[in-house]
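Close look at the chain arrangement
Each chain, written out:
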Amino acid sequence: MKIDNFIKESVINLKPYIPIEIEQDSNLLKLDANESNYTLNKSLKKKYADFIKGTLINLYPDSGNKRLIRLLENHYSANSDNFIFGNGSDELISIILASLKKDIIVNIPYPTFSMYEIIAKYNDLKVNNINLLEDFFELPPDILNQGAASPACEKRSNCYDDEKIENGGRQKNIYFFAYPNNPTGNHFSSDILLNLLDGKNNIVVIDEAYLMFSDKESFIKYLNKYENLIVLKTFSKIGLAGLRFGMLFAGDKLINEFKKIKLPYNINSLTLASIEFFLNNYRFFEKNVHKTVVQRDTLFLKLKKLNFINVYKSDANFIFFGLIDENIKSAFDAFLKKHNIAIRNFTGRFENFYRITVGLPSENDKIIEYFKEFDSTK
Ligand SMILES: Cc1ncc(COP(=O)(O)O)c(C=O)c1O
């Protein structure tokens, strides 16, 4: 039997996403996944244990729990008819892309969060990478012309012959924007995003996974105005990555389609109870977000003093930097390995770039000490 004959080519061509393995007692400096390294304090831990111990795990989970729904409606100033939950926002990205017709082009910045492209590909959708501008990773201004029909279509990066004539000569597009962007840490211009939302053939996904670390406002306020807007949220970056809880917000038409393909019991009972508990204790997380922002800005200033890297300002809980001299890459990678430092490195055009998650003050201090040591040898 040839198993390959059963599997879609788009799946065969993928490589599995393998997170780094951590030994229980390792002293790994784990700053690769944009998690929060703040854990619960002792008193909150006890209250949490008391709260969840009554959870009925013999029953299927109740995602319609009224107390939880009210808390979320208040927290996000949104109506519960217009949101659904996901097992992390990864699952919600998957729901969006699974619902699309095959002639829709998935437009994503390059570089950005890798799951948009991976999930689009195994859904057999065409992906168009939008190269971000070199200096500060802003969107190219001509993005507004892309996707519209015109004689110059052939010259644009995302013009596909087979699609451009259908639908009145217009391509249908979905855009994914992490806002702020992962891994670059900047926000794209909200004017450009709103202009894309004005386009009749565009759906625009604003992924606000890191928005709480910035001073920008959520796009949730535009849900009433734009039926082609989708907003994603996650609880992973504020200290609850292990619970796997994300939210998708959209207008009536889109959300009703997504509700049809969302698996019925996708969020487990312990996570639902935990989210209710944590919303009641949200101030604890807010304080940690604030501490992370202060730490990020301090880390940025210290990294900027080093000679071997170029550092980019960030509005998120991580910092992006590039090696000034590509010839030191293998020495730097070996140095990271030797000191048990896990940070994210990239491939292709960005193979000399790294993304470091802002850690606890002690972790950031250690990083600076190590990087200064490396700097002095270059
Ligand atoms: C931009 C962005 N969106 C979504 C996610 C996925 O988050 P979740 O843990 O909710 O699946 C990540 C995770 O790193 C991310 O960077």
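Look up a bit, the structure's there.
Here goes a summary of the coordinates provided.

Cut-off values and rules
Residues numbered from 1 in each chain as written. Predicted model: local features only at pLDDT ≥ 70, side-chain atom pairs only at ≥ 80, totals over all residues. Heavy atoms only, no water. Helix = DSSP H or I, 4+ residues; strand = E, 2+ residues; numbered from the N terminus. Rg over C-alpha atoms; globule rule 2.2 N^0.38 Å. Contact = heavy atoms within 4.5 Å. Areas by Shrake-Rupley, 256 points an atom, 1.4 Å probe, with all protein chains shown as cover. Near = heavy atom within 4 Å. Polar contact = N/O pair within 3.5 Å; in protein donor to acceptor, adjacent residues only side chain to side chain. Nonpolar A, V, L, I, M, F, W, Y, C, P; charged D, E, K, R; others polar. Buried < 20%, exposed > 50% of the residue type's maximum accessible area, 1.4 Å probe, protein only. Core = buried A, V, L, I, M, F, W, Y, C linked by side-chain atoms within 4.5 Å. Domains from an automatic or database assignment. Salt bridge = Lys/Arg side-chain N within 4 Å of Asp/Glu carboxyl O.

1. So, the overall build of the protein chain
Across its full length, the protein chain carries 13 helices and 13 strands. For 378 residues, the compact-globule estimate of 2.2 N^0.38 gives 21 Å, and the protein chain sits close to it at 22 Å. For the protein chain, the spread of C-alpha atoms along the three principal axes comes to 60 × 55 × 55 Å. Look at the contacts in the protein chain between residues 6 or more apart in sequence, and 68% of them connect residues 24 or more apart. Carbon together with sulfur atoms contributes 52% to the accessible area of the protein chain, which is approximately 19,500 Å² in total.

2. Considering the site of the ligand
Looking at the ligand, there are 14 residues lining it, with Ser89, Asp207, Tyr210, Thr234 and Ser236 nearest. For the ligand, an oxygen atom lies 2.8 Å from a polar atom in the side chain of Lys237. Between Arg244 and the ligand, the recorded distance is 2.7 Å, taken from a side-chain N or O atom to an oxygen atom. Split by residue class, the shell around the ligand holds five nonpolar, five polar and four charged.

3. Things to note about unusual backbone geometry
Cis geometry marks the peptide bond from Tyr179 to Pro180, where omega comes out at 5°. Along the chain, Pro180 falls in the loop between strand E5 (173–178) and helix H8 (190–198). Its identity is not glycine, yet Asn34 carries a phi of approximately 60°, on the positive side. Within the element layout of this structure, Asn34 appears in the loop between strand E1 (29–30) and helix H2 (42–52). Phi at Arg244 takes a positive value of approximately 60°, unusual for a residue other than glycine. Relative to the helices and strands, Arg244 is located in the loop between strand E7 (229–234) and strand E8 (246–250). The exposure class assigned to Arg244 is partly exposed, which follows from its relative accessible area of 28%.

4. Observations concerning the nonpolar core
If you look at the biggest cluster of nonpolar residues, it comprises 63 residues, and the most contacted ones within it are Leu72, Phe85, Phe177 and Phe235. In terms of residue count, helix H10 (residues 269–280) provides more of this core than any other element does, six residues in total. For this core, the domains that each give at least three residues are domain 1 (3–42 + 283–377) and domain 2 (54–282). Ignoring anything within four residues of it in the chain, the contact list for Phe177 reads Pro109, Tyr116, Leu139, Ile143, Phe188, Leu193, Leu196, Val204, Val205, Ile206 and Asp207. Judged by nonpolar contacts, the second largest core, of 27 residues, contains Ile84, Val127, Leu248 and Phe258.

5. Quick look at the pattern of salt bridges
Under the criterion given, the structure shown has 18 salt bridges. Between Glu134 and Arg349 there is a salt bridge, and its shortest N-O distance comes to 3.8 Å. Of this pair, Glu134 sits in the loop between strand E4 (126–131) and helix H6 (161–164) while Arg349 sits in the loop between strand E12 (344–345) and strand E13 (353–357), and the two are 215 residues apart along the sequence. On the accessibility criterion, Arg349 (41% relative accessible area) is partly exposed. Among the charged side chains, a salt-bridge network with shared partners connects Lys30, Asp32 and Glu35.

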